[in-house]
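Each chain, letter by letter, is given below.
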Amino acid sequence: MRTIAFGAALGGALALTALSVPAAQADTVVGDTNVSNIVVNGGKDVVIGTTNKVTFKVTFTASDPSGIEDGESYLYKGTWSDSIAFWSDDRDEDTTCATGAKVTCTTTYTIIPEYDMYGDVSAGAWRAGAFAKATDGNSARKTNLGGFSLKRYAKLTVNASPEPVTKGKAITVTGKLTRASWNDHAYHGYAGQSVKLQFRKAGSSTYSTVKTISTNSTGNLKTTVTASTDGYWRYYFPGSGTTASAAATGDFVDVK
């Protein structure tokens, strides 16, 4: 499966191929062909970091009494005629459709951040559309069948000290929240974000939120709590409209 190029009617995309989505390709239905029920990445967010290749599937339903010959899908942010977008074409290696009058078509997208991401502006709410061609020559193109979120990968660290600590004494918990940038393909502190400090008692499998604090201007976190029992401390970020959730690996503190 080849990598789908990232296109931008906005111009200047860092991409293998820069393409636009012409307004002339707006919704059209010829005959009794139909496309519907589009699902991106199994209904989950698409989360992309700075270097790791990300592969996900898009499925949609295509129907026509004569049978479906081929199809394609479109993923875009912005308006249909002025957008940044990923899309497949009607080549078999890009979108495959089952045989029959009502079938499922599947596109596999492979995104390489260094080559395919337009920049941080790409994060947020996206729309999805599809096209299908029937064996009798009829076709349907619908550009707004559903939506999904494309998000920047986030990382969280934590350090609880001192270790061990006397019961009733203060524990200082520090950490940092960073997220991927598609502008320079590095991780940077995420400022002004609400992050939950959570605790899991030794022998338990469940974390409970103790308090919520905010990251500073460089994404750093720092707070104090009172030591009461052995267990694990971590920070948890629930995510935002542009950035995925993240949880630090729990740091064990032995309370004497």
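Computed from a predicted structure; not experimentally measured.

Peer 1: Would you take a moment to explain the overall build of the chain for this structure?
Peer 2: Each helix and strand counted, the chain has 1 helix and 20 strands in total. Looking at the chain as a whole, 46% of its 256 residues qualify as buried. Pairs at least 24 apart in sequence give 67% of the contacts found in the chain among residues at least 6 apart. Here the chain has roughly 11600 Å² of accessible surface; of this, 47% comes from carbon and sulfur atoms.

Peer 1: Any chance you could explain the side chain of Asp251 here in plain terms?
Peer 2: In this structure, Asp251 sits in strand β20 (residues 251-253). No salt bridge is formed by the buried Asp251, whose closest oppositely charged neighbour, Arg200, lies at an N-O distance of 10 Å. Excluding residues within four positions of it along the chain, Asp251 makes contact with Val158, Asn159, Ala160, Glu163, Gly231, Tyr232 and Trp233.

Peer 1: I would appreciate a short explanation of the nonpolar core in the present structure.
Peer 2: Side chains of nonpolar character tend, in soluble globular proteins, to be buried together. Residues Val40, Ile48, Phe56, Ala62, Leu75, Phe86 and Leu150 are the most contacted members of the largest nonpolar core, which totals 29 residues. Elements with a contribution of two residues or more to this core: β3 (34-40), β4 (46-48), β5 (54-63), β6 (68-79), β7 (82-87), β9 (102-111), β10 (124-134) and β11 (139-152). The greatest single-element share of this core, amounting to 5 residues, is contributed by β5. Filtering out sequence-adjacent residues up to four positions away, Phe56 remains in contact with Val40, Asn41, Val46, Leu75, Thr107, Thr108, Tyr109 and Ile111. Core analysis: the second largest hydrophobic core is formed by 23 residues, Ala160, Phe199, Tyr235 and Ala248 among them.

Peer 1: What should I look at first to understand the pattern of salt bridges in this one?
Peer 2: Pairs can form between side chains of opposite charge whenever their charged atoms are close. Counted according to the given criterion, the structure contains 4 salt bridges. The closest approach of N and O atoms between Asp45 and Lys151, which form a salt bridge, is 3.2 Å. Taken together, the residues Asp45 in the loop between β3 and β4 and Lys151 in strand β11 connect sequence positions 106 residues apart. Here Asp45 falls in the partly exposed class, since its relative accessible area comes to 35%. Accessibility expressed as a relative area gives 12% for Lys151, which makes it buried.

Peer 1: Can you help me understand the sheet that holds β5 in this one?
Peer 2: The pairing of strands in a sheet comes from backbone hydrogen bonds and takes either a parallel or an antiparallel form. Spatially, β3-β5-β9-β8 is the arrangement adopted by the 4 strands of the open sheet, whose pairing is antiparallel. For this open sheet the edge positions go to β3 and β8 (95-97), each flanked by a neighbour on one side alone. The average angle at which neighbouring strand axes cross in this sheet is 20°, direction not considered. Where β3 meets β5, 5 bridges bridge the pair, whose relative direction is antiparallel. Bridge pairing in β5 places Ser36 opposite Thr61.

The rules behind the values
- Residues numbered from 1 in each chain as written.
- Predicted model: local features only at pLDDT ≥ 70, side-chain atom pairs only at ≥ 80, totals over all residues.
- Heavy atoms only, no water.
- Helix = DSSP H or I, 4+ residues; strand = E, 2+ residues; numbered from the N terminus.
- Buried < 20%, exposed > 50% of the residue type's maximum accessible area, 1.4 Å probe, protein only.
- Contact = heavy atoms within 4.5 Å.
- Areas by Shrake-Rupley, 256 points an atom, 1.4 Å probe, with all protein chains shown as cover.
- Lys, Arg positive; Asp, Glu negative; His and termini not counted.
- Salt bridge = Lys/Arg side-chain N within 4 Å of Asp/Glu carboxyl O.
- Core = buried A, V, L, I, M, F, W, Y, C linked by side-chain atoms within 4.5 Å.
- Pairing = 2+ DSSP bridges.
- Axes fitted to C-alpha atoms, helices over the stretch in contact; angles between N-to-C directions.

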